[in-house]
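Tertiary structure, described
Below are the chains, spelled out letter by letter.
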Amino acid sequence: MDEQAAVASSGTVQRVLSAVGVRGLASSVWSYVDYMSRWCWVPSWLPPWCPTSQKQLQAAEERMLHCIRAAFTRQFVPISDGNRLWTLTFCSDAVEDKTPVVLLHGFGCGVGFWAQNLDALSQHRPVFALDMLGFGQSTRPLFSTDPREAEDQFVESIEQWRAEVGLESVILLGHNLGGFLAVCYSMKHPHRVKHLILVEPWGLPEAQEMTEADRPIPAWIKALGAMFSPFNPLAGLRLVGPLGPALVQTLRPDSKRKFSSLFTDNTVSDYIYHLNVQSPSGETAFKTMTGSCGCAKRPLLPRMDQLHPAIPITIIYGSRSSIDSNSGSAVRQMRPASHVEVITTRGAGHYVYADQPEDFNHRVLLVCEEVDRSRNEPQEKKGS
């Protein structure tokens, strides 16, 4: 949020507090909120208050990946401006000629979230999982406050990473925010993408504007909205300091269930905590790119004509997810001459790959096999 908007929000809250008879308290309350808000944004204040560190994040990720049986390497891949993207690489000699899959995680996640998928996928082809710029163990730079420029920073980081790793073309799989960025990347670099797999993608539909006359918003809700608008999405987790780990366990008990076949302790919640109380870089960029009702300020559906029609798309939703799958159907209608498949996975919520990992892995591998068949068809016909 820019300075003018922050000042406007401050004025709104103070006026509301004054209106209900607490004029003398208004200044003190807002001073405290403003102080704590700024506090949550300053990385140098994190260590003494939030029980986290880069080493603790590394250890939490190591525990998440401890169950992986396949051989893999880990490295920081350097890109421009001194930034580095943390990358897991699975590539055995038996599959090195196959089209690689690149996994882009969602908001607030990291490479460890693919723990139930990496073994299965890497048995059949090279797999690359990276912490996106501003998330996980990757560099957390300052992003632009302009939505278009922030989006471009993400996309350019992926392209620089691809060039540095040396991949000619890939199957790009993205979940949530990763799905949004996978589409944005494909729009700019279509010749690098053999197939798009979007898992519960964020940012497809436009926000449905609603006038105040349609549904009047109470003054107290407006006041709260103004009060908390300067905060990053996960600022509250930093705000509670040492209570954060317990808060994650309380608010996200589902995370333990999703990985119950691998862990019986708090491995997953610890990883979630350490991922999300570091310096809010990618988190801030996501806030910049997010408009009303959690929709993207630059939604993808109105821009879908910018995506090359030759790029096939598979969109995977969970039957129990709150994400509206109608957007997937809209993509299919908008691309009648292109391959668009919309899949609904029964019994899965938003984290399809963790809720139903076997089904998810199977479906992804079927898509990948089709990509390889399509790639080899011209050669087979030429040799016949």
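Cut-offs and rules
- Residues numbered from 1 in each chain as written.
- Predicted model: local features only at pLDDT ≥ 70, side-chain atom pairs only at ≥ 80, totals over all residues.
- Heavy atoms only, no water.
- Salt bridge = Lys/Arg side-chain N within 4 Å of Asp/Glu carboxyl O.
- Helix = DSSP H or I, 4+ residues; strand = E, 2+ residues; numbered from the N terminus.
- Buried < 20%, exposed > 50% of the residue type's maximum accessible area, 1.4 Å probe, protein only.
- Pairing = 2+ DSSP bridges.
- Axes fitted to C-alpha atoms, helices over the stretch in contact; angles between N-to-C directions.
- pLDDT = per-residue confidence, 0-100.
- Contact = heavy atoms within 4.5 Å.
- Polar contact = N/O pair within 3.5 Å; in protein donor to acceptor, adjacent residues only side chain to side chain.
- Parallel < 35°, antiparallel > 145°, perpendicular 65-115°, else oblique.
- Left-handed = near helix turned anticlockwise from the far one by under 90°.
- Nonpolar A, V, L, I, M, F, W, Y, C, P; charged D, E, K, R; others polar.
- Phe/Tyr/Trp six-rings, centres within 6.5 Å; stacked < 30°, edge-to-face > 60°.

Re the pattern of salt bridges
Scanning all chains against the criterion turns up 13 salt bridges. Put simply, R192 and E168 hold a salt bridge, and the shortest N to O gap is 3.2 Å. Of this pair, R192 sits in the loop between α7 (177-188) and β6 (193-199) while E168 sits in the loop between α6 (147-165) and β5 (170-175); the two residues are 24 residues apart in sequence, bridging distant segments of the chain. Residue classification places E168 among the exposed positions, given a relative accessible area of 58%.

Focus on the sheet that holds β5
Taken in spatial order, the eight strands make up an open sheet running β1-β2-β4-β3-β5-β6-β7-β8, and their pairing is mixed. With one partner strand each, in any of the chains shown, β1 (73-78) and β8 (340-345) form the two edges of the open sheet. Pairwise comparison of adjacent strand axes, ignoring direction, gives a mean angle of 20° for this sheet.

Side note on the confidence of the model for the protein chain
Looking at the protein chain as a whole, its pLDDT mean stands at 85, while 79% of the residues score no less than 70. A low-confidence stretch, residues 379-384 stays under pLDDT 50, and its non-local contacts, those more than four residues away or across chains, total zero contacts.

Concerning unusual backbone geometry
In this model, D81 sits at a positive phi of 60°, which is unusual for a non-glycine residue. By the secondary structure assignment, D81 is in the loop between β1 and β2 (84-90).

Quick look at the side chain of S338
For S338, the location among the structural elements is in the loop between α14 (326-334) and β8. Of note is the side chain of S338, whose polar atom sits 2.7 Å from the backbone oxygen of P309.

Re the pairing of strand β4 (residues 127-130)
Burial along β4 is two-sided: V127 and A129 facing one way and F128 and L130 facing the other are all buried. Direction of pairing for β2 relative to β4: antiparallel, over a ladder of four bridges. Residue T87 lies in a different strand from β4, and its bridge partner there is L130. Taken together, the four bridges between strand β3 (residues 101-104) and β4 define a ladder with parallel strand orientation. Note that in β4 the partner of V102 across the bridge is F128.

Considerations on the packing of α6 against helix α13 (residues 282-289)
Where α6 contacts α13, the two axes come as close as 8 Å, and the packing angle between them is 135°. Taken together, the axes of α6 and α13 are oblique relative to one another. Note on packing geometry: the crossing formed by α6 with α13 is left-handed. Mapping the contact onto sequence places P147, A150, E151 and F154 in α6 and G282, A285, T288 and M289 in α13. The residue makeup of the contact of α6 with α13, split by class, is five nonpolar, two polar and one charged.

Let's talk about the packing of aromatic side chains
Each aromatic ring pair is specified by the distance between its two centres and by the angle formed by the two planes. Taken as a whole and judged by the stated rule, the model has 15 aromatic pairs. Between the aromatic rings of F76 and W86, the centroid separation amounts to 4.6 Å while the plane-to-plane angle is 50°, which identifies the pairing as tilted. Here the residue F76 occupies a position in strand β1, and W86 occupies one in strand β2, the gap between them amounting to ten residues. Taking the relative accessible area as the measure of exposure, F76 reaches 24% and is therefore partly exposed.

Thoughts on the side chain of D355
Here D355 lies in helix α15 (residues 352-355). From its side chain, D355 meets the backbone nitrogen of G349 in a polar contact 2.7 Å long. With residues up to four places along the chain from it excluded, the contact list for D355 reads K258, G347, A348, G349 and H350.

A few points about the packing of helix α10 (residues 244-251) against helix α12 (residues 267-276)
The interhelical angle for the contact between α10 and α12, taken along N-to-C directions, is 120°, at an axis separation of 9 Å. One finds that α10 runs oblique with respect to α12. You can see that α10 and α12 cross each other, and the crossing is right-handed. Residues G244, P245, V248 and Q249 of α10 pack against S269, D270, I272 and Y273 of α12.

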